[in-house]
Amino acid sequence: MVAPATRPVNHLAAEAGRQVGLGWDGSRSVLRSLGRGGILKFRVYLIMVAGKESKMRQQSPLQIARYAYTPKLPAVLQQPIGSIVAQLGEPTEAESDREGLRSLFSRTYGLPIAEFAAGNNANAATARTVGVVLSGGQAPGGHNVISGLFDGLKAANAKSRLLGFLGGPSGITDNETLEITEDYLAAYRNTGGFDIIGSGRTKIETDEQFEAVARTCVEQSIDAIVVIGGDDSNTNAAVLAEYFLSRDIKTQVIGVPKTIDGDLKNAYIETSFGFDTATKTYSELIGNIGRDANSAKKYWHFIKLMGRSASHIALECALQTQPNVCIISEEVAAKQQTLEQIVESIATVVAGRAAQGENFGIVLVPEGLIEFIPEMGILIREINDILARHAEEFATRSGPEAQSELIASHLSKESAQLFESLPAGIQQQLLMDRDPHGNVQVSRIETEKLLVEMVAARLKEMKSSAEYGGSFSALQHFFGYEGRCAFPSNFDADYCYSLGYTAFALIANGLTGYIASVRNLARPASQWKAGGIPITMMMNMERRHGQHKPVIRKALVELEGAPFKQFAAQRDAWARNTSFVFPGAIQYYGPDEVCNQPTVTLKLEQGA
Ligand code: FBP
């Protein structure tokens, strides 16, 4: 199995060039002369060749072992695919904005919930062409969604084809596809990453983009598209489903709930995939750092954890590792806490532990915190607005100081004062490019550094008034990308495979505008329930870029929910004492209690 390491990329390019008969010599001018069609063809071949190469690459023993892992399916999905029938319930309603949603989604609003049961689905065996797209940030298990989808599709009819859209939603508009075969897929089963077809953050929103999508579907005769993505991508899936129906285009659209952030959930979507593996990966690292801190007894570790908006990741990691401090953004917003108050609360914990002779500890900081601190939220909204209104002038300002000056001159008095008080590095990070959805890229703002600087300054003051007598030496970490492409835990491997299989079963039952739903997840996989939820049921209307838009509501941490309550009941003790827990690395083989456990969040939410 062990083969020589990869050959360089230009070798791949040359081979791709040969395969499409381009005679590419490696120069950019030749590449440009191929025109758009030639370049697209070239890219597809490049990815195929890279895929073949990846199989030749040296593989770790775990990777080889994981290829042989058979994901577990709910009992209802273990029957022949033609015996899986969607039982439809009563018409559904959204929680709010019903009239607005009904008029925007006249064909797909109010659809019933679908739950699979045994029966006879004569349509399952129809030969189909299905397209699949990975959208947004990576999350462990994406390859298994595609594996489950592929296996369901081929089990129903071996002649059916699965096309992967390359590089995310732009692959649909640009009609860039790659046919996924058993041979190609084999190198990706049960592995992390989205590299099987790549991902992207393009938002499909203009009329031209919708027309391009329709063209692709008609040209490729696509029967169904599966959109694997977060709240925005699944909103897009619902809009596409409605659009296709309005144009009499046969393509069905099914969504799959993805995001490590864990904020795409509700009564029917118990968790988004990737959250389990990502939080277990971060918790392993936090536990290791906790043990190091308790050994050396000289550092405070400030650890920022991914999660663009919601603090589910930070909360889950706190429940797994018991740090001294974990900030929950939703609580900060609810209590209208200022940056100074947050700093004061951390400094108090540091001083309390110093009084016991413990000049070390762990502070968890959710990535999205900055936007939840009321005055910072206002500042960011004002900056967004100024950047949009003065884009040209901003672009002509050279250098960070000139750019900051321009922004400061347009801010309200309070926001200008706050902006001026921030370190220059943070000011610059607040001005960096927005993502395609208009969001500030919080993963690039060093909140952990800001807090360390401010806590150090506050402790200095406390020292001068004899309120603090310890030493404060702090290290900063950011855990995010480390967890997004880990080998999926058994939970995510099974869950994702089941989601992919469910997506196909929904297609085979003729449904569109649904998101795959696998529930009862705190129980063993055989007891999981599977079906589909109409996406419109999960939507509401929100103001985005100055317009009222239908969107799936982001699920934030509920302060009345069991996970937060459990944390809140214990955090004072964790603040005083050293109570770190060491979860260790994710285990894939071994006893159930070690390798087949869902997250603490899921167990608490389900009372399991
Ligand atoms: P998705 O919502 O697309 O799943 O991505 C979430 C996330 O991982 C956030 O936690 C993080 O803020 C962001 O992506 C980082 O984005 P990028 O990969 O573009 O740096």
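Draft legend 1. Up close: the pattern of salt bridges. One pass over the full model with this rule turns up 25 salt bridges. We note a salt bridge from arginine 519 to glutamate 115, for which the minimum N-O separation is 3.3 Å. Of the two residues, arginine 519 sits in strand β13 (residues 514-519) while glutamate 115 sits in strand β2 (residues 112-118), which places them 404 residues apart along the sequence. In this structure, aspartate 223 engages lysine 250 in a salt bridge whose closest nitrogen and oxygen atoms are separated by 3.0 Å. Here lysine 250 lies in the loop between α10 (231-246) and β8 (252-257) and aspartate 223 lies in the loop between α9 (207-219) and β7 (224-229), a separation of 27 residues in the sequence. For lysine 250, a relative accessible area of 48% translates into the label partly exposed. Residues participating in the shared-partner salt-bridge network are Glu93, Arg98, Glu99 and Arg102.

Draft legend 2. The arrangement of the sheet that holds strand β12 (residues 474-479) in detail. A sheet is described by the order of its strands in space; here 4 strands give the open sequence β10-β11-β9-β12, paired in parallel fashion. Every other strand in the sheet has two partners, leaving β10 (325-326) and β12 as the edge strands with one partner each. Relative to β12, strand β9 (residues 300-305) is paired through 6 bridges, and the arrangement is parallel. Each bridged residue has a counterpart across the sheet, and for histidine 301 the counterpart in β12 is leucine 475. Of the strands in this sheet, β9, β10 and β11 (361-366) touch helix α14 (residues 339-355), which is tilted by about 150° from β9.

Draft legend 3. Quick look at the packing of helix α16 (residues 374-389) against helix α19 (residues 413-421). Put simply, α16 and α19 touch, their axes get as near as 10 Å, and they point 100° apart. One element, α16, and the other, α19, form an angle in the roughly perpendicular class. Counting all contacts with α16, which are made through Glu375, Met376, Ile378, Leu379, Glu382 and Ile383, the residues of α19 involved are Ser415, Leu418 and Phe419. Looking at the contact of α16 with α19 residue by residue, the class counts come to 6 nonpolar, 1 polar and 2 charged.

Draft legend 4. View of the nonpolar core. Core analysis: the biggest nonpolar cluster contains 85 residues, and Ile146, Ile180, Val226, Tyr282 and Leu305 have the highest contact counts within it. Top contributing element to this core by residue count: helix α23 (residues 490-508), with 12 residues. One finds Ala351, Val365, Ile373 and Ala575 within the second-largest nonpolar core, a separate group that totals 48 residues.

Draft legend 5. Spatial organisation of the site of the ligand. In the vicinity of the ligand there are 13 residues, among which Gly137, Asp261, Glu367, Tyr481 and Arg484 approach most closely. At a separation of 2.9 Å, an oxygen atom of the ligand approaches a polar side-chain atom of arginine 484. Alone, the ligand offers 480 Å² of accessible surface; in the complex the protein occludes 82% of this. A per-class count over the shell around the ligand returns 3 nonpolar, 4 polar and 6 charged.

Draft legend 6. Inspection of α10 at higher detail. Taking 1.5 Å of rise per residue, 16 residues should cover 22 Å, and α10 covers 23 Å from first to last C-alpha, within 8% of that figure. One or two positions beyond α10, positive phi appears at aspartate 248, with a value near 55°.

Draft legend 7. Layout of empty space enclosed by the protein. One pass over the structure, following the stated rule, counts 1 cavity of 30 Å³ or more. If you go around the largest cavity, the residues you meet are Lys265, Glu270, Thr271, Phe275, Thr599, Thr601, Leu602 and Glu605. In terms of residue count, helix α26 (residues 600-605) provides more of the lining of the largest cavity than any other element does, 3 residues in total.

Draft legend 8. Quick look at the packing of helix α12 (residues 312-321) against helix α24 (residues 562-576). Taken N-terminus to C-terminus, the directions of α12 and α24 make an angle of 55°; their axes are 10 Å apart at the nearest point. The orientation of α12 with respect to α24, classified from their angle, is oblique. Note on packing geometry: the crossing formed by α12 with α24 is left-handed. Judged by residue contacts, Leu315, Ala318 and Leu319 of α12 engage Pro563, Phe564, Gln566, Phe567 and Trp574 from α24. Grouping the amino acids of the contact of α12 with α24 by side-chain chemistry returns 7 nonpolar, 1 polar and no charged.

So, how was this worked out
Residues numbered from 1 in each chain as written. Predicted model: local features only at pLDDT ≥ 70, side-chain atom pairs only at ≥ 80, totals over all residues. Heavy atoms only, no water. Salt bridge = Lys/Arg side-chain N within 4 Å of Asp/Glu carboxyl O. Helix = DSSP H or I, 4+ residues; strand = E, 2+ residues; numbered from the N terminus. Buried < 20%, exposed > 50% of the residue type's maximum accessible area, 1.4 Å probe, protein only. Pairing = 2+ DSSP bridges. Contact = heavy atoms within 4.5 Å. Axes fitted to C-alpha atoms, helices over the stretch in contact; angles between N-to-C directions. Parallel < 35°, antiparallel > 145°, perpendicular 65-115°, else oblique. Nonpolar A, V, L, I, M, F, W, Y, C, P; charged D, E, K, R; others polar. Core = buried A, V, L, I, M, F, W, Y, C linked by side-chain atoms within 4.5 Å. Near = heavy atom within 4 Å. Polar contact = N/O pair within 3.5 Å; in protein donor to acceptor, adjacent residues only side chain to side chain. Areas by Shrake-Rupley, 256 points an atom, 1.4 Å probe, with all protein chains shown as cover. Expected span 1.5 Å × (residues − 1). 1 Å grid on protein atoms, 1.4 Å probe; cavity = no way out; pocket = protein on both sides within 12 Å on 5 of 7 lines; lining within 4 Å. Points joined across faces, edges and corners; volume = space filled by probe spheres on them. Left-handed = near helix turned anticlockwise from the far one by under 90°.

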